[in-house]
Structures are given as C-alpha cells and as structure tokens.
Amino acid sequence: MVHEELCARLNDDGYKNWLKAGYCLLKVKDGLHGYVNNEIKCFHGMLLNTNPVLKTGQQCNRNCRPKGNQIHHLCRLCEEWKEEILRHHTNRTGVVNWGNCKPCLWSSNHWELAKAYMPRGQANVTGAEQCDAAALLNLITFCDCFSFINQWQVREVIRKRNELMHSSEMRVSAQWMDQYRRSLEQLLRQLQHIPEVAAAGREIKEMLSVDWTVCVPGVDSVDGPVKTGPEAGHVSQVESELLRERLQELVLCTELQDPPDPQGMQELQKLRGFLQSQRDLEEKFHSELLSIQLQESQHQQTGTGPGEAAELTKANSLGETLR
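About the cut-offs
- Residues numbered from 1 in each chain as written.
- Predicted model: local features only at pLDDT ≥ 70, side-chain atom pairs only at ≥ 80, totals over all residues.
- Heavy atoms only, no water.
- Helix = DSSP H or I, 4+ residues; strand = E, 2+ residues; numbered from the N terminus.
- Buried < 20%, exposed > 50% of the residue type's maximum accessible area, 1.4 Å probe, protein only.
- Core = buried A, V, L, I, M, F, W, Y, C linked by side-chain atoms within 4.5 Å.
- Contact = heavy atoms within 4.5 Å.
- Salt bridge = Lys/Arg side-chain N within 4 Å of Asp/Glu carboxyl O.
- Axes fitted to C-alpha atoms, helices over the stretch in contact; angles between N-to-C directions.
- Parallel < 35°, antiparallel > 145°, perpendicular 65-115°, else oblique.
- Nonpolar A, V, L, I, M, F, W, Y, C, P; charged D, E, K, R; others polar.
- Left-handed = near helix turned anticlockwise from the far one by under 90°.
- Expected span 1.5 Å × (residues − 1).
- Phe/Tyr/Trp six-rings, centres within 6.5 Å; stacked < 30°, edge-to-face > 60°.

**A closer look at the overall build of the protein**
Line of reasoning, step 1. Looking only at helices and strands, the protein features 13 helices and zero strands.
Line of reasoning, step 2. Element order for the protein, N to C, with α for helix and β for strand: α-α-α-α-α-α-α-α-α-α-α-α-α.
Line of reasoning, step 3. Taking all 323 residues of the protein together, 50% fall into the buried category.

Put into structure tokens, the structure is as follows:
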C-alpha cells in the first residue's frame, strides 16, 4: 500500500530526526532565497556603479569561460570582475569555484556573480530559488556584502548541515536535534524583520514540536486526539528531496576525484544499497541508480576516471543526474 514503506522507516527515531532536520533546511532555503537574491542584485549594482571599468557598461565579447575550475586568459572586463569577486571574498586564501560561473555573463547577470561564492556544482543553477540551503549559506558567509550578519552563527548552521548530510547512517540523536534547533533559531532571529524568514522560523518551530508518525488510512488506527504532523505525501516529498540532494552531492564528489575517494565511494554505495532495499525509493530513484551503476561499470571496463565515466554516461543519453 502507498506509504507503508515510509511508515516503517519512520518507526526509526534516528531516521525520523534526520528527515525533520532536513525539512528545516528546506524551510531555511524558502526563507532566504528571495532576500539573498535581492541583496546580491544590490551588490552587483553597486559594483557596476563604483568600479570605473565596469561602469562603462561594456559586455564581454570573447565569451570568456572557465576550464574546469580554473580561469585564465580573461578579457580585460572579465578580469576586472574576477578581481572584484576576490576583493569581496571573505576567505582570500580559499578555493573559489570558478567552474560554477560563466564570466561572460558577470556584467549582465547578478546570479552568475553570486555563484563564485558558492560550493561547486552550481554551474547549471540560474537563480536563488534553485539553490539548496547550503549554497545560500555559503554565499552569505563568503561574500562580504553579508558581513553585517553574525558569521559564526551562519558557519554553525553550515557545520550542522554538513554533519546531517554526511551522516552515513542517515540518523541523528535527540540531543543533536536540540543543538541544531538552537543554531537555527540564533541565525533566523537576526533576520526576523524579513517576512519570509519569520514565516520559515515559525514553520520550523511548529514542525519540530510534532510527531512525524504517518498513519496509513485503513491500516492504522489512533485513539483519542493527537497533535498531527505533516501529511504522508508531504513527508515523502521531503524525504525524496533530501535523499536526492545527498545522492547528487556524493556523485559530484566521486566524479571530481580521480581515483575516487574510498570513503566517498563507500558512502555512495551505502546510500545506493539503502535506496535499493526500499521498494518505493528504488522505483523513485530508478534513473539515478541506473546512472551510477553504468558509471561504475564503465570505470571498471575502461579504466577511465570518475569524471570521464560521467561524461560517457551523458553521451549515451542515459540521464544526468558541495564544499
């Protein structure tokens, strides 16, 4: 029956906590993306108005693009944009993911500028609404136009997010949840004047206070009044988004390393095993699982690196599937 497998998974309190914590990240993203987009648009406009080279209104005429994560031989205009990006980067010695960007669009597209401050894997993202919470939080911490926000609190949420998404068991304790809740509250409190952030904070507080046990009509019966959580369909959607985010992050990490990182490969195989062991999830992630299987097969047969295997996968049109 529909959602029976989900109900069984939610009997595990650790996994239920993992899902609830992931739901909070989705709400953080919903609360932040409009605000972050507006701030970056203002930042982009400020650079255009104050930099003598950029304010001329010129556009790149050489179609400047990165090669992998390296960026060389830029035209004078794009080189000036690059220097501005580095000037406003809060970690001058850190890695900048130039592979996220299309430098030729920096003059005309504020979000192409934003992606230079974000984790890898953003190349095909065209707007803030398509980003996950990790991408937006990294932007806030690495671009100094957000320096008025308490950066320790931003980094603390990023740290908890990474613990959550890198949990190979996909389970977190009640104690961890208490710490996580406090870190979220501290961050969101700074931006309570933004209606979307305030709404996200209320939803997070409400959803953390209720049980996420899902009742299947006709199967489960409950005596007496209960404080119900979200509908089964909504929990299933949240679960799918989190699992897809984790899967894509692991695939990206293994694609970019040659030879693949053993721990990353082990985590990817463990996640694949979990998805294949759940009938509903195996069906939902069928194309992603097939793509991973094909990449591994090609790597074994041809000796290509994981990145090359991924390109072969795309070439065969079998589907495409952070710091």
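Still more ground to cover, so stick around.
**Observations concerning the nonpolar core**
Line of reasoning, step 1. Residues L32, V36, I40, W111, L139, F146 and L243 are the most contacted members of the largest nonpolar core, which totals 88 residues.
Line of reasoning, step 2. For this core, the element with the highest residue contribution is helix α2 (residues 13-50), accounting for 15 residues.
Line of reasoning, step 3. Apart from the residues lying within four places of it in its own chain, the contact partners of I40 are H110, W111, A114, L139, C143, C145 and F146.

**Considering the pattern of salt bridges**
Line of reasoning, step 1. Here the structure, examined in full by the defined rule, presents 19 salt bridges.
Line of reasoning, step 2. Between R244 and E288 there is a salt bridge, with its nearest N and O atoms 3.0 Å apart. With R244 in helix α9 (residues 232-255) and E288 in helix α12 (residues 286-302), this residue pair connects regions lying 44 residues apart in the sequence.
Line of reasoning, step 3. With a shortest N-O distance of 3.7 Å, E267 and R246 are connected by a salt bridge. Highlighted residues: E267 in helix α10 (residues 262-277) and R246 in helix α9, separated in sequence by 21 residues. Exposure class is identical for E267 and R246. Each is buried.
Line of reasoning, step 4. In the salt-bridge network here, residues are joined through shared partners; they are D12, E169, R171 and K270.

**Considerations on the packing of α2 against helix α7 (residues 174-189)**
Line of reasoning, step 1. Packing of α2 against α7 leaves a shortest axis separation of 10 Å and a crossing angle of 10°. As judged from the angle between their axes, α2 and α7 are roughly parallel. Taking contact as the criterion, the partners of N17, K20, A21, C24, L25 and V28 in α2 are, on α7, A174, W176, M177, Y180 and L184.
Line of reasoning, step 2. Broken down by class, the residue content of the contact of α2 with α7 amounts to nine nonpolar, one polar and one charged.

**Considerations on the packing of α7 against helix α8 (residues 195-208)**
Line of reasoning, step 1. Where α7 meets α8, the axes come as close as 10 Å, and the angle between the chain directions of the two elements is 165°. Of the possible angle classes, the one that applies to α7 and α8 is roughly antiparallel. Once α7 is placed against α8, the crossing between them reads as left-handed. Mapping the contact onto sequence places M177, R181, L184 and L188 in α7 and V197, G201, I204 and L208 in α8.

**Overview of α10**
Line of reasoning, step 1. Its 16 residues give α10 an end-to-end C-alpha distance of 22 Å, which sits within 8% of 22 Å, the value for a rise of 1.5 Å per residue.
Line of reasoning, step 2. Here α10 has its buried residues at G264, M265, E267, L268, L271, R272, F274 and L275.

**Considerations on the environment of R76**
Line of reasoning, step 1. When you line up the elements, R76 lands in helix α3 (residues 76-87).
Line of reasoning, step 2. Distance in space between the C-alpha atoms of R76 and V53 is 8.8 Å, their sequence separation being 23 residues.

**What about the packing of aromatic side chains?**
Line of reasoning, step 1. Scanning the model with the defined rule gives six aromatic pairs in all.
Line of reasoning, step 2. With a centroid separation of 5.9 Å and an interplanar angle of 15°, the aromatic rings of Y15 and W18 are classed as stacked. Of this pair, Y15 and W18 both sit in helix α2, separated by three residues, roughly a single helical turn.
Line of reasoning, step 3. Pairing Y15 with F274 gives two aromatic rings, centres 5.8 Å apart and planes at 50°, and the pair type is tilted. Of this pair, Y15 sits in helix α2 while F274 is found in helix α10, placing the two residues 259 residues apart along the sequence.
Line of reasoning, step 4. Looking at Y15, the relative accessible area reads 4%, which means it is buried.
Line of reasoning, step 5. Within the aromatic cluster, the residues linked to one another by ring pairs are Y15, W18 and F274.

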